[in-house]
Amino acid sequence: MRLIHLFRAFLKGVRFSSLLLMIMMTGAVFLGIMTLAATNYKYADYNMLKSSPDDTYYLGNLSAPPFGIPWSTMGESLVEELNQLPGIERAYTVKTASPIMYGNEGTVICLLHPDILEDFPVLKEMGYDFDKDPNGFVLCSVLFDGFKGDSVTISGHKDKYGFRNFDIKVNSVVSPMFKVITLGGSGNARLTSGMLLSGSNYIIGIDTKENEALLEEYTSGLHWAPNAIFKLKKNATEAEKEEVFRYAETKGNYASLAEIADGDLKEIHEDMRLSFPRPLFLFIASLAAYLSITALVVAKKKKELAVYYLCGADHKKCLTITLMAVGLVAFLSTVISIAIVFVFRAVQRADHEFFYGYLFSANCIWLVLGFFVLTLLTAFAGVFVSIKGKTPVQLLRGVE
Amino acid sequence: MIELKDVTKIYKVGDEDFRALDKVSFKVDKGEFISICGASGSGKTTLLNIIGTIDECTEGSYLFEGADVCRMNDGKRAKLRNQHIGFVLQDFALINNQTVLYNVMLPALLGKTPYKAIKAKALKALQSVGIADQAQKKANQLSGGQRQRVAIARALINEPGLILADEPTGQLDSETGKQIMDIFKKLNETGITVITVTHDKAIADYAKRLVVISDGKIVSDSSINKEA
Ligand SMILES: Nc1ncnc2c1ncn2[C@@H]1O[C@H](COP(=O)(O)OP(=O)(O)OP(=O)(O)O)[C@@H](O)[C@H]1O
Ligand SMILES: [Mg+2]
């Protein structure tokens, strides 16, 4: 209590420069957080790809109408044709059904090929779990935030019948922070996020006969997403592989997921090279500013500290007050920065399109804390260096 | 109350040693009023600073009410200074951009008194030097005489037994100087020990005992005959 009073009085006269410094530091940390969060996102994307099996290929950029190919006209020919090639172990793509309405909001139902879930374990980690009921659905939308219950009523559009209500079973509700697998990316997806569409309103199910029949009954909008993933057999011969690639070439562009992942990693590195210097510069600039303001505070307050000493403060107490004064700036800017991370994260949870392309993970907090420690060390070093020299006695004698 | 024995203070100036105090032995009893006189550079401030525990002697011993100050660490000396010694300096040593009240409260804020009691004590101390009405002004808005009263109030807030005043009237005109010395005289009458340093004979005469110091040595130590 008494120390707080001493400390508050001590801040007088250096409050404005401290405030300015705090804004500068918070700005630097903010830019750092955003840059890191953007890299995080790409890195999460990369890790998703990395977790996919070897010899898996993405086939995209198919010549298709912008919203996919009607199920009725396309049938399962692409998957069937791919699966018939002797070099292929499995091939899959995703069906989407729309328009579907929940309340007054439009949403999309995607039917995933069950093998996708096996080959992309990350999907299960994201909460796509169909163990309970393969014909149940995962509600993957902010529309359903806080939804509880075993089934939900939605409505589908069926040509001349208009919208008709029907119930689907619910397995779970997941918060769709980032991606929803649909393989619906229009064309040449470079990042996984391209093939895993992002959007606010998705209902995910497995491509079972029952689900298909149900949707077919209530909606005529069942479309292919015009991209596919196929996996080569482990023991495929070179000739068999050749055949697969030749077929793929006639359908669009293809690339191995491993290659795409490597490309992603290169892109991340390139991105870091381009985007990190700016926050780094700001960090260094604010550190320099911190040092000089610390020196200024000490210079300005030396005489005052000598008076404290005269009145019965020991060296330790004088030092404590000074360190508190310069540390406060770093402390407040850290608190603000951490609050920013949490607020942004909450905003993203509530509306995940708001910070699309950013991922505020724990390393954002570590960045802030790391910066805090670094600035504090700098500031304290600054205090020790600039407080050295004149003793309180000399200062009281008027030695400047 | 105070006992200095063979206190020597050596400053290093370049490679040379400079003896600012040379084997000073000096005893002060409770309730005394002492003036230390001497030419400029004779070591008066140095002596006062050592008595006030803000400076340390190079050799010799210093007992404050029986306690060996030389053996104390920085924290202990600070506590002693805070609780038992009040300082009044020539240039006031106030924090200029703070209120008078805060300046007076400062030593108490550094001590153990609960915050609520501190303000009342500070106002009382300001009252005793006659400037309670200036409490909310900034220290640099006051006249020299008022500032020195603030400094005295600050020296008094922790009710110390000893007041050290280093040329307290040095920056004041003679009339104001006399008023300040009257305050010290009254304080001494309440039992507080006062040691002042001064050049001014008229000021020195307020004391009951005169110590003359020259080139770091005490050359005379006598009681002042008020009748003379
Ligand atoms: N930090 C220091 N380094 C070197 N010499 C010093 C230092 N402080 C004081 N001195 C010297 O010690 C001597 C005594 O100084 P002191 O301030 O005690 O004198 P004083 O009697 O108070 O003088 P004045 O009347 O001018 O205030 C002086 O010669 C001074 O130059
Ligand atoms: Mg002096």
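For the structure itself, consult the block above.
The rules we used
Residues numbered from 1 in each chain as written. Chains lettered and ligands numbered in written order. Predicted model: local features only at pLDDT ≥ 70, side-chain atom pairs only at ≥ 80, totals over all residues. Heavy atoms only, no water. Contact = heavy atoms within 4.5 Å. Buried area = accessible area lost by both parts, 1.4 Å probe. Salt bridge = Lys/Arg side-chain N within 4 Å of Asp/Glu carboxyl O. Polar contact = N/O pair within 3.5 Å; in protein donor to acceptor, adjacent residues only side chain to side chain. Helix = DSSP H or I, 4+ residues; strand = E, 2+ residues; numbered from the N terminus. Nonpolar A, V, L, I, M, F, W, Y, C, P; charged D, E, K, R; others polar. Pairing = 2+ DSSP bridges. Axes fitted to C-alpha atoms, helices over the stretch in contact; angles between N-to-C directions. 1 Å grid on protein atoms, 1.4 Å probe; cavity = no way out; pocket = protein on both sides within 12 Å on 5 of 7 lines; lining within 4 Å. Points joined across faces, edges and corners; volume = space filled by probe spheres on them. Phe/Tyr/Trp six-rings, centres within 6.5 Å; stacked < 30°, edge-to-face > 60°. Lys NZ or Arg CZ within 6 Å of the ring centre and 35° of its normal.

Trainee: Would you mind showing me how to read the interface of chain B and chain A here?
Mentor: Where the parts come together, the accessible area they lose is often given as the size of the interface. Facing 34 residues of chain B, the contacting portion of chain A comprises 22 residues. Interface of chain B and chain A: buried area, both sides summed, is about 2,400 Å²; carbon and sulfur atoms make up 58% of it. Its largest share of buried area at the contact with chain A, chain B owes to B:Ile54, B:Leu110 and B:Tyr115, together 24% of the area lost on that side. Measuring nitrogen to oxygen at the nearest pair gives 3.7 Å for the salt bridge that ties A:Lys303 to B:Asp91. Here chain B and chain A share 9 residue pairs in polar contact (both at pLDDT 80 or more) between them. Here the side of chain B that touches chain A takes 6 residues from helix H2 (residues 74-84) of chain B, the largest share from any one element. Here the side of chain B that touches chain A is built from residues that sort into 16 nonpolar, 10 polar and 8 charged.

Trainee: What is the right way to read the sheet that holds strand S7 (residues 162-166) of chain B from this model?
Mentor: Two modes of strand pairing occur in sheets, parallel and antiparallel, and in both the strands are linked by backbone hydrogen bonds. Residue and element names in this part refer to chain B. Within the open sheet, the 6 strands sit side by side as S6-S7-S8-S3-S9-S10. Their pairing is mixed. Two strands bound the open sheet, and with one partner strand each, they are strand S6 (85-89) and strand S10 (217-223). With strand direction ignored, the average angle separating the axes of adjacent strands in the sheet is 15°. Both S6 and S7 contribute to a ladder of 5 bridges, which runs parallel. Bridge pairing in S7 places Ile85 opposite Leu162. Relative to S6, H2 is tilted by about 80°, and along the sheet it contacts S6 and S7.

Trainee: Help me understand empty space enclosed by the protein in this model?
Mentor: The method is simple in principle: a probe with the dimensions of a water molecule rolls over the atoms, and the space it marks as empty is what remains. This structure, assessed with the given rule, holds 3 cavities of 30 Å³ or more. What lines the largest cavity is simply A:Leu310, A:Cys311, B:Arg81, B:Asn82, B:Ile85, B:Gly86, B:Phe87, B:Pro107, B:Arg154, B:Ala155 and B:Asn158. Going through the elements one at a time, H2, S6 and helix H5 (144-156) of chain B are the ones with two or more residues in the lining of the largest cavity. Residue contributions to the lining of the largest cavity peak at 3 residues, all from S6(B). By residue class, the composition of the lining of the largest cavity is 6 nonpolar, 3 polar and 2 charged. Each pocket or cavity is described by its volume, and for the second largest cavity that value is around 50 Å³. For the lining of the second largest cavity, the elements supplying multiple residues, two or more each, are helix H2 (15-50), helix H11 (277-310) and helix H12 (315-350) of chain A. Class assignment of the residues belonging to the lining of the second largest cavity gives a composition of 8 nonpolar, 2 polar and no charged.

Trainee: Sorry, what's going on with the packing of aromatic side chains here?
Mentor: The geometry of an aromatic ring pair is captured by two quantities: the separation of the ring centres and the angle between the planes. For the coordinates displayed, the defined rule picks out 12 aromatic pairs over all chains. When the centroid spacing of 5.6 Å and the interplanar angle of 70° are considered together, the rings of A:Phe344 and A:Phe360 count as edge-to-face. Within this pair, whereas A:Phe344 is found in helix H12, its partner A:Phe360 is found in the loop between H12 and helix H13 (362-387), the two being separated by 16 residues in sequence. Members of the aromatic cluster, connected to one another through ring pairs, are A:Phe30, A:Phe344, A:Phe355, A:Tyr358 and A:Phe360. Its guanidinium or amino end placed over the ring of A:Phe10, A:Lys301 lies 5.1 Å from that ring's centre, counting from NZ or CZ. Of note, B:Arg81 hangs over the ring of A:Tyr309, and the distance from its end group to the ring centre comes to 4.2 Å.

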